[in-house]
Every structure is written in structure tokens, then in C-alpha cells.
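A closer look at the structure
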Amino acid sequence: MSNETMIEVKGLRKEFKTKFGNLVAVDGVDFSINRGEIFGLVGESGSGKSTIGSMIVGTYGPTGGTITFQGDTDISVPAVKRSSEMKQSIQLVFQDPGGSLNPRKTIRQILTVPVRQFAEKKLTAKEVEERVRNALIEVGLPLSYLDKYPRAVGGGEKQLVCVARALAAHPKFIVLDEPTSALDVSIQAKVTNKLRELQRNNHLSYLFITHNMCLVRNICDRLAVMYLGNICEYADTAEFFENPKHPYTQMLLASIPVLSEEEERLKPQKIKSVGEIPSPLNKPKGCPFNPRCPFKTQICEKEMPQMREVAPGHFACCHCI
């Protein structure tokens, strides 16, 4: 993994106007992802993690803050305003593979689109076919799949076709938005192992978005936990699991199911939270987690805590640490 920064996010904010008022999905988020790194973004549904991924790929632009690519290119705009080179460099793998593949196109036709769109020169039909075949081989699928329609292959294979489609553009950075949540547990390991292998072989950087804490432990180099549009803690993966600091992080880790007493002993002490995650339309004052936190004090209800380094490379946002 290089120290070169691929993606840097500063003060990122996204508001959506609804009939009930302004919904702040992302509220002043900062983080960076290095070249060759898999950076995990974890949180409950509604935490804002997928919104961040959508802004990085350009589905829509941010309300505030900046997104910088490779240190000097500001990409804080929707994809329609980005150059073809930038669209090629940053690709997305969707959560639902079935819904993101055109059911009326064969897998060959699906993979041909990015090959032609992002080719450095005009390709002959033979060159296009060769690149399409290579993309399918790279994700470990047989060439016989080229003439199949998405409905004729399983969920795991559909997701690998989506990965092949992203790789066919020859990107530098891929946003993986819940790439295994729609798959059976038995297939998840196959897909994540292939993603890790492809990342090493192609020198890629990933933003891996998920709610599955077990997955990030096995695939991510660093990870951050989001809650109600804010990052509450981030660190190297090993440090994160061995020494969780934020009460919300401890609550998440304590809820992971285990198979042995030894694994149970390694888990943080059970944190008892109160209630459910509030609506982003009615965000609490002070620390967003304070209505559910068993350790809250008066300051937690009044002031938003600042992110600070609690150990080398380990940052947390909490008044009580």
C-alpha cells in the first residue's frame, strides 16, 4: 500500500430537500484513502455511508465540502460534469447485481459497453471481443457465460459480472456499495476473496461500504464507522477491533455473533443502548449518539465532540474518551 492519496474528502456535506424539511444525510465528513488501500465505511442503514459513495462516483454533487482525486483534481461535481478520463478512473459496483444489469442484454453486450466507451483508441471487433473475454476470465467466470442473460446466472455470478464491468473500464478506484449484502452467506466469501485478489493484481483502491462488521475485518486495511451522517471513529482494522473507543463502535462489535467462548472473551463489554437510531430529519443536539449512549454527560447533550487522535493512527469523536 502506497502513501499516495487517491481520494481525500474534506468537510463533505449532503442535504436533501423533502416535504418534511431538509434531511442532512452527510454532515461534515473527513477521511482519505491511499493508493492500493481497501477502506471500509461501516454503519447502520441511514447512516449516510452510501450517500458518500454516490458523491464520490458522481451520482450527485455535495452540498458542501470537497472531494479530491489523486491529490490535485477536484471532483466535487456530478459525473455529467466530469471528464471521460475521470469517469473511467472511478467505477461503482452496486448493491443489487440483478437490478444493475440490463435483463435484455447478454453478458457479452453488457461488458462491451465500457470496453468501447473507455478505450484509448478505436478498437476492432476482434480487439473488443478479446478485452471482453479477458474481463470475464479475470473475475473467474467461464467464457460460456458471455452469451447468457443475467437471469440465467446466480446471484454471486451476477455480482462478478458487475465487477467485470467495472474492471473493463480499467479504473484506478472502485466504490463497492454493499457488494455482498444481496448474496447468500456461502457465496459472500467467494466474492470477497475475488475482490481482494483483483485489488492486489490490478493495484486498485477500494471504498468498501457495508453494515457487516465481520466482512470488513477480513478485507479492509482501515475502516471508519458512521452514525447519523458523521464519522465517530476510524483506525487501522487490527487496532479498531482490538481497541474500540467510541461507545457506538463498542456496541456494534459486541453484537457480532461468535462461535466460541474464546471469541466471546475478545469482544468488548456489552454496551446497552437505549432506543433506535433517530431520524436524520430530527437529529439530536450535541453528540448524535447521546440519546442512546449509557455514558453520556451533560456536555454530550449540548456540544458536538471533535474528532481527536486517541492512539497513533486511531481517531474517535467522543467527549467521554
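Scroll up for the structure.
Described in the following lines is the structure provided in the data block. Not measured: the values here are computed from a predicted model.

Quick notes on the overall build of the protein chain
For the protein chain, the helix and strand inventory stands at 11 helices and 12 strands. For 321 residues, the compact-globule estimate of 2.2 N^0.38 gives 20 Å, and the protein chain sits close to it at 21 Å. Projected onto the principal axes, the alpha-carbon positions of the protein chain cover approximately 70 × 50 × 40 Å. Across the 321 residues of the protein chain, 49% fall into the buried class. The long-range fraction of contacts in the protein chain, counting pairs at least 24 apart against all pairs at least 6 apart in sequence, stands at 62%. Surface summary for the protein chain: the accessible area is close to 15800 Å², and the carbon and sulfur share equals 49%.

Describing the side chain of Lys 194
Looking at the element boundaries, Lys 194 is found in helix α7 (residues 185-202). Aside from chain neighbours lying at most four places away, what touches Lys 194 is Glu 138, Val 139, Gly 140 and Leu 160.

Examining the side chain of Thr 210
Checked against the element boundaries, Thr 210 lands in strand β8 (residues 205-210). A polar atom in the side chain of Thr 210 sits 2.9 Å from the backbone nitrogen of Asn 212. In this structure, Thr 210 is in contact with Leu 41, Val 42, Gly 43, Lys 49, Glu 178, Leu 215 and Val 216, ignoring residues within four places of it in sequence.

Considerations on the packing of aromatic side chains
By convention here, two paired aromatic rings are described through the distance between centres and the angle between planes. Counted under the stated rule, the structure contains 7 aromatic pairs. Summarising the aromatic geometry, the rings of Tyr 227 and Phe 289 are spaced 5.3 Å apart at their centres and angled 90° between planes, so their arrangement reads as edge-to-face. Here Tyr 227 is found in strand β9 (residues 222-227), whereas its partner Phe 289 is found in the loop between α11 (261-266) and β11 (308-311), with 62 residues between them in sequence. For the pair Tyr 227 and Phe 289, a shared accessibility class is recorded, and that class is buried. With a centroid separation of 4.9 Å and an interplanar angle of 15°, the aromatic rings of Tyr 234 and Phe 315 are classed as stacked.

Observations concerning the sheet that holds strand β1 (residues 5-18)
Strand order in the open sheet formed by 4 strands is β2-β1-β4-β5, and the pairing between neighbours is antiparallel. Among the strands making up the open sheet, the edge pair consists of β2 (21-34) and β5 (73-74).

Section: the pattern of salt bridges
Going through the model one piece at a time under the given rule, you end up with 17 salt bridges. In this structure, Asp 147 and Arg 108 form a salt bridge, with 2.2 Å as the shortest nitrogen-oxygen distance. Of this pair, Asp 147 sits in the loop between α5 (125-138) and α6 (155-167) while Arg 108 sits in helix α4 (residues 107-117); the two residues are 39 residues apart in sequence, bridging distant segments of the chain. For Glu 301, the salt bridge goes to Lys 296, with nearest N and O atoms at 3.5 Å. By relative accessible area, Glu 301 is classed as partly exposed at 41%. Linked by salt bridges that have partners in common, Arg 13, Glu 15, Asp 27 and Lys 283 make up one network.

Calculation criteria
Each chain has its residues counted from 1, running along the sequence as written. Confidence filtering applies because this is a predicted model: local features only for residues at pLDDT of at least 70, side-chain atom pairs given and counted only at 80 or more, and all residues used for totals across whole chains, interfaces and linings. Only hydrogens and water are set aside; all other atoms, that is, all heavy atoms of the structure, feed into the side-chain values. Only DSSP runs of H or I covering at least 4 residues are called helices, and only runs of E covering at least 2 are called strands; the numbering of each starts at the N terminus. Taken over C-alpha atoms, the radius of gyration is set against a globule rule of 2.2 Å times the number of residues to the power 0.38. Burial classes: relative accessible area under 20% of the type maximum marks a residue as buried, over 50% as exposed, and values in between as partly exposed (1.4 Å probe, protein chains only). Contact definition: two residues touch when any of their heavy atoms are within 4.5 Å. Residue-level accessible areas treat just the shown protein chains as cover; the underlying method is Shrake-Rupley with a 1.4 Å probe. Any N or O atom pair separated by 3.5 Å or less is treated as a polar contact, with the protein-specific requirement of one donor-capable and one acceptor-capable atom, and with residues adjacent in sequence counted only for side-chain atom pairs. Two rings belonging to Phe, Tyr or Trp (six-membered ring only in the last case) form a pair when the distance between their centres is within 6.5 Å. Interplanar angles under 30 degrees mark stacking, angles over 60 mark edge-to-face geometry, and anything in between is tilted. By definition, two strands form a pair when at least two bridges between them are found by DSSP. Salt bridges are defined as contacts in which a side-chain nitrogen from Lys or Arg sits within 4 Å of a carboxyl oxygen from Asp or Glu.

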